Amino acid sequence: MKCTAEIELRDVEEMYINIDPIQAGGRLTADAMKAVIAYGDGYSVCDNCKKPFRLDYIQKPPIADFHQDLAAFVGMDEARVVPGARRGFLAVAGTYVQKGDPVMLTGLSHYTEFIAVENAGGVPLEIPKNEANIITAEAAAARIEEAEQTFGRSPVLLFIDQVDYQYGNLHEVKEIARVAHSHDIPVLVNGAYTVGTMPVDGKALGADFVVGSGHKSMAAPAPSGVLATTSERAEEVFRTTQIKGDVTGRTFGIKEVEMMGCTLMGVTLMGMMASFPHVQERVRHWDEHLANSRLVVDALRSIEGTEVRSEMPRRHTLTRVDTTGSFDKVAETHKKRGFFLSSALKKQGIMGVIPGATKVWKFNTYGLTRAQAEYVAQAYTRIAEENGLSIVSS
Ligand SMILES: Cc1ncc(COP(=O)(O)O)c(C=O)c1O
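- Going by the annotation in an unreviewed UniProt entry, the name recorded for the protein chain is O-phospho-L-seryl-tRNA:Cys-tRNA synthase, with Methanofollis aquaemaris given as the source organism.
- Heading Sequence similarities (unreviewed entry) of the UniProt record for the protein chain holds this comment: "Belongs to the SepCysS family."
- The UniProt entry for the protein chain carries the following text under Catalytic activity (unreviewed entry): "O-phospho-L-seryl-tRNA(Cys) + hydrogen sulfide + H(+) = L-cysteinyl-tRNA(Cys) + phosphate".

**Details of the layout of surface pockets**
Next up, step 1: Reported here for the largest pocket is a volume of approximately 870 Å³.
Next up, step 2: Taken together, 34 residues line the largest pocket, and the ones lying closest to its centre are Gln23, Gly26, Arg27, His215 and Ala220.
Next up, step 3: If you list the elements that add at least two residues to the lining of the largest pocket, you get α1 (12–15), α2 (30–38), α4 (85–96), α5 (111–120) and α9 (214–217).
Next up, step 4: A class-by-class count of the residues in the lining of the largest pocket yields 18 nonpolar, 7 polar and 9 charged.

**Considering the site of the ligand**
Next up, step 1: Around the ligand, the structure places 14 residues, and the nearest of them are Ala85, Arg86, Asn190, Ser213 and His215.
Next up, step 2: Asparagine 190 is positioned such that a nitrogen or oxygen atom in its side chain is 2.9 Å from a nitrogen atom of the ligand.
Next up, step 3: One of the side-chain nitrogen or oxygen atoms of lysine 216 is found 3.5 Å away from an oxygen atom of the ligand.
Next up, step 4: Structurally, the ligand is housed in the largest pocket.
Next up, step 5: Taken together, the elements giving at least two residues each to the shell around the ligand come down to α4 and α9.
Next up, step 6: Sort the elements by how many residues they give to the shell around the ligand and α4 lands first, with 3 residues.

**Re the UniProt feature "modified residue: N6-(pyridoxal phosphate)lysine" (unreviewed entry) in the protein chain**
Next up, step 1: According to UniProt, the positions carrying the feature "modified residue: N6-(pyridoxal phosphate)lysine" (unreviewed entry) are Lys216.
Next up, step 2: As for its placement among the helices and strands, lysine 216 is situated in helix α9.
Next up, step 3: If we ignore the near neighbours within four places in the chain, the residues touching lysine 216 are Ile22, Gly25, Gly26, Ala192 and Tyr193.

Analysis parameters
Residues numbered from 1 in each chain as written. Predicted model: local features only at pLDDT ≥ 70, side-chain atom pairs only at ≥ 80, totals over all residues. Heavy atoms only, no water. UniProt positions renumbered as here; feature names shortened; annotations may be inferred. 1 Å grid on protein atoms, 1.4 Å probe; cavity = no way out; pocket = protein on both sides within 12 Å on 5 of 7 lines; lining within 4 Å. Points joined across faces, edges and corners; volume = space filled by probe spheres on them. Helix = DSSP H or I, 4+ residues; strand = E, 2+ residues; numbered from the N terminus. Nonpolar A, V, L, I, M, F, W, Y, C, P; charged D, E, K, R; others polar. Near = heavy atom within 4 Å. Polar contact = N/O pair within 3.5 Å; in protein donor to acceptor, adjacent residues only side chain to side chain. Sits in = over half its atoms within 2 Å of the grid points. Contact = heavy atoms within 4.5 Å.

What follows is the structure, encoded as structure tokens:
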């Protein structure tokens with residue numbers, strides 16, 4: 001068996017413009033890269049861990065302060081870092097969901113939310129999306145009432161993605177939270193596509209929990225993320241251990257049950273912290289990122305036969321397009337078949353669109369400069385024209 005740990009350096013960021021839908025907001029800053037090297041050792045952040053022994057109390061490096069800043073950043077009272085948004089879902093589901101409990105999700109919820117519910121033994125119930133691919137408060141109210149009739153009690157938790165992963169659409173989060181609260185249902189807002197790229201104010205949204213993904217949207221290494229909550233809910237989801245060793249009588253201090261004590265210990269946390277000042281700054285420029293994205297969307301819409309499946313005008317940089325009537329027509333006769341598009345893009349220094357995809361696909365322009373966005377927009381129309389497609393006004 002070949003046993004080698006030789007790793008080739010990854011040249012994506014230096015050599016290509018990357019519009020991969022899941023990678024755009026997670027690319028590391030130079031400061032995060034430096035921190036990754038300095039804190040590469042496993043428990044490197046524990047050098048100065050003093051009583052009380054828990055990650056979020058460490059003062060040097062300033063992890064305790066970072067936790068406070070994180071909570072404020074998403075408009076909540078308390079925050080913990082977690083190994084990915086999914087572990088935030090797991091902690092909340094682990095706190096509120098018992099076997100057989102109904103839990104509200106949506107027709108656009110991410111699979112990790114479903115699995116968190118499954119792990120706790122809950123019964124997932126989807127709020128359907130409407131014809132415009134939006135989750136509305138009206139649909140939420142109807143589904144909650146239906147659930148109450150079926151189960152004889154209210155759902156124990158509601159998950160709503162602020163921006164979904166399929167269309168990059170913004171949903172009626174605030175209104176849905178209001179409906180959920182009128183049934184005493186706590187609300188988890190999934191900000192995997194928002195926390196770290198656009199301004200998020202959890203309390204203004206009516207969230208009991210805001211979950212973000214470090215590696216998707218906070219320029220942090222994987223797996224990293226944030227779970228933030230209100231002071232009231234913090235007592236529940238961040239409850240501390242009460243267990244004892246039955247022979248030794250040992251107790252385990254103030255370790256938090258859902259956090260398994262401590263969470264991110266080296267590269268992930270320090271990368272996240274090093275990027276944080278940049279992330280705080282960049283959310284103030286969300287409008288510019290959105291404008292860049294609209295430029296690319298307009299270029300795609302100008303190609304005859306191309307349709308945008310996401311809501312219009314775009315309110316997020318993740319967009320779903322349908323090129324069945326344009327690039328896929330080219331693919332039918334092109335010698336590279338469906339791979340012609342990704343291949344043509346790559347030749348022009350652009351990657352991130354799934355190779356072979358010419359029907360329905362997604363891209364995310366977050367983080368591109370204006371010049372890069374213009375370049376990507378022109379690349380699409382150029383490829384279209386070179387392959388005999390017409391450009392019409394969008
Ligand atoms: C909408 C959404 N929520 C949650 C997740 C999971 O995030 P993480 O990888 O941080 O656990 C993803 C990404 O995979 C996602 O797209």
